[in-house]
Amino acid sequence: IDEHKTRIESGAVLLIADADGKAAVAAGVTKDLTDNLSAVDIVRAAVAELGGKGGGGRPDMAQGGGKDAGNADAAIKAAEAVLAN
């Protein structure tokens, strides 16, 4: 996440991985945006679409998990909705 944040300089990163049939989710937000955007909110929105609950961390980096990575497209759309607000 940190490497991606460095590359984009300003923005948010969402990674979803299939980890032995379960979804692993991580998000990061660059420091310049954390006053208005939280990685925790992004992760929680994505995790909900993947059959998980919660997720946590800090405004600049968060992680969570879900039951199935198969719904990753819906998880991405849920994260995009957080960014649009």
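Nothing here was measured: the structure is a model prediction, and the numbers come from that model. (Residues numbered from 1 in each chain as written. Predicted model: local features only at pLDDT ≥ 70, side-chain atom pairs only at ≥ 80, totals over all residues. Heavy atoms only, no water.)

1. Observations regarding the sheet that holds strand β2 (residues 22-29)
Taken in spatial order, the four strands line up as β1-β2-β4-β3 in an open sheet, and their pairing is antiparallel. If you trace the sheet from one side to the other, it starts and ends with β1 (12-19) and β3 (56-58), each paired once. Neighbour to neighbour, the strand axes of the sheet diverge by 15° on average, direction disregarded. Bridging between β1 and β2 involves eight bridges; their strand directions are antiparallel. What sits directly across from Ala19, in β2, is Lys22. With respect to the sheet, helix α2 (residues 39-49) is in contact with β1, β2, β3 and β4 (61-66), its orientation differing from that of β2 by roughly 155°. (Pairing = 2+ DSSP bridges. Helix = DSSP H or I, 4+ residues; strand = E, 2+ residues; numbered from the N terminus. Axes fitted to C-alpha atoms, helices over the stretch in contact; angles between N-to-C directions. Contact = heavy atoms within 4.5 Å.)

So, to be careful, I would describe these as geometric facts and stop short of saying anything about function.
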